[in-house]
Amino acid sequence: MLKFVASIALSVAVLLSAAPAFAGGQKIANDLTKCRTGNGPAVLVNVNGLKATTGNIRVQSYRGTKDQWLKKGAWLRRIEVPASATNMTFCIPIAESGYYAIAVRHDINGNGKTDISSDGGGMSNNPRISIFNLGKPSYKKTKFAIGNEVKAINIKMKYM
């Protein structure tokens, strides 16, 4: 159990620090109409298991490559909204087909800081986190392929 708790703590720390507020991609609104059938490529991100309806949720897309996954300033699109439910849905349009990955952060108290003991995180494909990879799963475990369709994915949030 201690290994599990330590791995979650490391995972959350890496995820929360991986994309600081000054990183550079495009901030977008959460426009679910862009994920209607025929509007692709886009990713419909279903985030499940939010611990509270307080604070802010940040959803970011990355290219699914080793050199860009969770790298500072490498995110492509970002949605930031107040938490409003324990399950929320987001739409992230994608510029072109390829491999991508999604990271989600829940800043539970909305202070803009990483609070490892309370904030949460999640990633596409819900990779298993271990103490051996210091909480940052390989891009190979988080990437997914997308063509011209709207691809739906589910992300389960993890907290301490």
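Scroll up a little and you will see the structure.
Since the model is a prediction, treat every value here as computed from it, not as a measurement.

A. Here's a closer look at the overall build of the chain. Within the chain one finds two helices and nine strands. Listed by position from the N terminus, the elements making up the chain come as α-β-β-β-β-β-β-β-α-β-β. Residues counted as buried form 44% of the 160 residues belonging to the chain. For the chain, contacts bridging at least 24 residues in sequence account for 77% of all contacts bridging at least 6.

B. Highlighting the environment of T142. Within the secondary structure layout, T142 lies in helix 2 (residues 139-142). On the basis of relative accessible area, T142 is assigned to the buried category, the value being 0%.

C. Fine view of the sheet that holds strand 2 (residues 42-48). Spatially, three strands are ordered 5-2-9 in an open sheet, and the strand pairing comes out mixed. The open sheet has two edge strands, strand 5 (88-93) and strand 9 (150-156), and neither has a second partner. Recorded for the sheet is a direction-independent mean angle of 20 degrees between the axes of neighbouring strands. Bridge analysis of strand 2 against strand 9 gives seven bridges, and the strand direction is parallel. Residue pairing for strand 9: V47 is matched across the bridge by I155.

D. View of the nonpolar core. V43, V45, I57, F90, I102 and V104 are the most contacted members of the largest nonpolar core, which has 25 residues in total. Elements with a contribution of two residues or more to this core: strand 2, strand 3 (56-63), strand 4 (77-82), strand 5, strand 6 (98-107), strand 8 (144-146) and strand 9. If you look at the next biggest cluster of nonpolar residues, it comprises eight residues, including W69, A74, A101 and M123.

E. Up close: the environment of D119. Its location among the elements puts D119 in the loop between strand 6 and strand 7 (120-123). Taking C-alpha positions, D119 is 7.9 Å from N109, a pair spaced 10 residues apart along the chain. A polar side-chain atom of D119 sits 3.0 Å from the main-chain amide nitrogen of I108.

F. Examining the pattern of salt bridges more closely. Per the stated rule, a full pass over the model turns up five salt bridges. Close ionic contact of D119 with R105 constitutes a salt bridge, the shortest N to O distance being 3.8 Å. With a gap of 14 residues between them, D119 in the loop between strand 6 and strand 7 and R105 in strand 6 connect regions that are remote in the sequence. By sharing partners, the salt bridges in this structure join R58, R78 and E80 into a single network.

What counts as what
- Residues numbered from 1 in each chain as written.
- Predicted model: local features only at pLDDT ≥ 70, side-chain atom pairs only at ≥ 80, totals over all residues.
- Heavy atoms only, no water.
- Helix = DSSP H or I, 4+ residues; strand = E, 2+ residues; numbered from the N terminus.
- Buried < 20%, exposed > 50% of the residue type's maximum accessible area, 1.4 Å probe, protein only.
- Contact = heavy atoms within 4.5 Å.
- Pairing = 2+ DSSP bridges.
- Axes fitted to C-alpha atoms, helices over the stretch in contact; angles between N-to-C directions.
- Core = buried A, V, L, I, M, F, W, Y, C linked by side-chain atoms within 4.5 Å.
- Polar contact = N/O pair within 3.5 Å; in protein donor to acceptor, adjacent residues only side chain to side chain.
- Salt bridge = Lys/Arg side-chain N within 4 Å of Asp/Glu carboxyl O.

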